[in-house]
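# Report on the structure
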Amino acid sequence: MPLTDTLARVDADLAAGRVPVARQRLRGLVSSFPNDLMLRRRLAEVYRLYGDPAEAGRWMYLEQDRDAQETTAFEARYRTAPQRMRALAWQGPESLARTTFAGEQLASVRAACSDAMGRPVDWDTVPSGEKADSRWSAFADFLAGAGCLVAVLAFFAIWVNGLVALFD
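In this report, we go over the structure that sits alongside the text. (Residues numbered from 1 in each chain as written. Predicted model: local features only at pLDDT ≥ 70, side-chain atom pairs only at ≥ 80, totals over all residues. Heavy atoms only, no water.)

## Re the overall build of the protein chain
Helix and strand counts for the protein chain stand at eight helices and zero strands. Order of helices (α) and strands (β) in the protein chain, N terminus to C terminus: α-α-α-α-α-α-α-α. Taking 2.2 N^0.38 as the reference for a compact globule, 168 residues should give roughly 15 Å; the C-alpha atoms of the protein chain span a radius of gyration of 24 Å, well beyond that estimate. By residue count, 34% of the 168 residues in the protein chain fall in the buried class. Carbon and sulfur atoms form 59% of the exposed surface of the protein chain, whose accessible area is close to 10300 Å². Positive and negative side-chain charges of the protein chain, numbering 20 and 21 respectively, have mean locations separated by a distance of 2 Å. (Helix = DSSP H or I, 4+ residues; strand = E, 2+ residues; numbered from the N terminus. Rg over C-alpha atoms; globule rule 2.2 N^0.38 Å. Buried < 20%, exposed > 50% of the residue type's maximum accessible area, 1.4 Å probe, protein only. Areas by Shrake-Rupley, 256 points an atom, 1.4 Å probe, with all protein chains shown as cover. Lys, Arg positive; Asp, Glu negative; His and termini not counted. Charge placed at Lys NZ, Arg CZ, Asp CG, Glu CD.)

This is the structure in structure tokens:
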């Protein structure tokens, strides 16, 4: 469905009081057009109807006329730079931003994320942001493997028991 048709449906949903449907449509549009600042602004307006300043701040983060309280709420919910980078859901380089302010914001978040990760990152390969403890990860992997082995052995034992019972 073309962008204009979907936006017309969003307007109709909002006029009819179907805010959750309008929000879902806008989320889909932002997912399809992640670099469209107008869609982000519209989604922020819907989150204001919900009374969710953090999400409104998330989608207005790249706008110069953003609300300071919403921005603070967004930054409080997404505390680390990798979390913010994932939450912004941008794709491609900062040069795709249509405003200088948006480009600067994107570059700032990416630079902070690169510092936090200790390596350069870009918007197309957003890191998870979690530095896993390798010892804990290895132990968890061992437990998962052991659990699978126990399950397979139990299944095999039940199968053999059934086979023996069949011939008795």
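Having put the structure on the table, let's press on.
## Thoughts on the packing of helix α6 (residues 81–88) against helix α7 (residues 100–117)
Here α6 crosses α7 at 135 degrees, and the two axes come no closer than 8 Å. Here α6 lies oblique to α7, going by the angle between them. Classified by chirality, the crossing of α7 by α6 is left-handed. Two secondary-structure elements touch here, α6 through A81, P82, R84, M85 and L88 and α7 through V109, R110, A112, C113, A116 and M117. Its residues assigned to classes, the contact of α6 with α7 shows nine nonpolar, no polar and two charged. (Axes fitted to C-alpha atoms, helices over the stretch in contact; angles between N-to-C directions. Parallel < 35°, antiparallel > 145°, perpendicular 65-115°, else oblique. Left-handed = near helix turned anticlockwise from the far one by under 90°. Contact = heavy atoms within 4.5 Å. Nonpolar A, V, L, I, M, F, W, Y, C, P; charged D, E, K, R; others polar.)

## Comments concerning the pattern of salt bridges
Applying the stated criterion across every chain, the model contains 10 salt bridges. In this structure, D13 and R25 form a salt bridge, with 2.6 Å as the shortest nitrogen-oxygen distance. Of this pair, D13 sits in helix α1 (residues 3–15) while R25 sits in helix α2 (residues 19–32); the two residues are 12 residues apart in sequence, bridging distant segments of the chain. In this structure, the salt-bridge partner of D65 is R41, at a minimum N-O distance of 2.8 Å. Taken together, the positions of D65 in the loop between α4 (53–60) and α5 (68–77) and R41 in helix α3 (residues 37–50) put the pair 24 residues apart, joining distant regions of the chain. Accessibility expressed as a relative area gives 26% for R41, which makes it partly exposed. What you see here is one network of salt bridges that share partners, running through D52, E55, R58 and R77. (Salt bridge = Lys/Arg side-chain N within 4 Å of Asp/Glu carboxyl O.)

## Let's talk about the packing of aromatic side chains
A full pass over the atoms with the stated rule returns four aromatic pairs. Aromatic side chains F74 and Y78 sit 5.2 Å apart centroid to centroid with 45 degrees between the ring planes, which places their arrangement in the tilted category. Taking relative accessible area as the criterion, Y78 reaches 17% and is therefore assigned buried. Each residue in the set Y61, F74 and Y78 is aromatic and connected to the rest through ring pairs, giving one cluster. The aromatic ring of Y61 is capped on one face by R66, whose charged end is 4.8 Å from the ring centroid. (Phe/Tyr/Trp six-rings, centres within 6.5 Å; stacked < 30°, edge-to-face > 60°. Lys NZ or Arg CZ within 6 Å of the ring centre and 35° of its normal.)

## A few points about the nonpolar core
Ranked by size, the top nonpolar core spans 18 residues in total, and within it L62, W90 and W123 carry the most contacts. At the level of elements, α6 and α7 are the ones that each hand at least two residues to this core. It is α7 that provides the largest number of residues to this core, a total of five residues. Those residues in contact with W123 that lie beyond four places of it in its chain are M85, L88, W90, G92, E94, L106, V109 and R110. (Core = buried A, V, L, I, M, F, W, Y, C linked by side-chain atoms within 4.5 Å.)

## Considering the packing of α1 against α3
Where α1 meets α3, the axes come as close as 13 Å, and the angle between the chain directions of the two elements is 15 degrees. Looking at the two axes, α1 sits roughly parallel to α3. The two elements α1 and α3 meet at a crossing, and its hand is left-handed. Packed against α1, whose contacting residues are L3, L7, V10, D11 and L14, the element α3 presents M38, L39, R42, V46 and L49 at the interface. Counted by class, the contact of α1 with α3 contains eight nonpolar, no polar and two charged residues.

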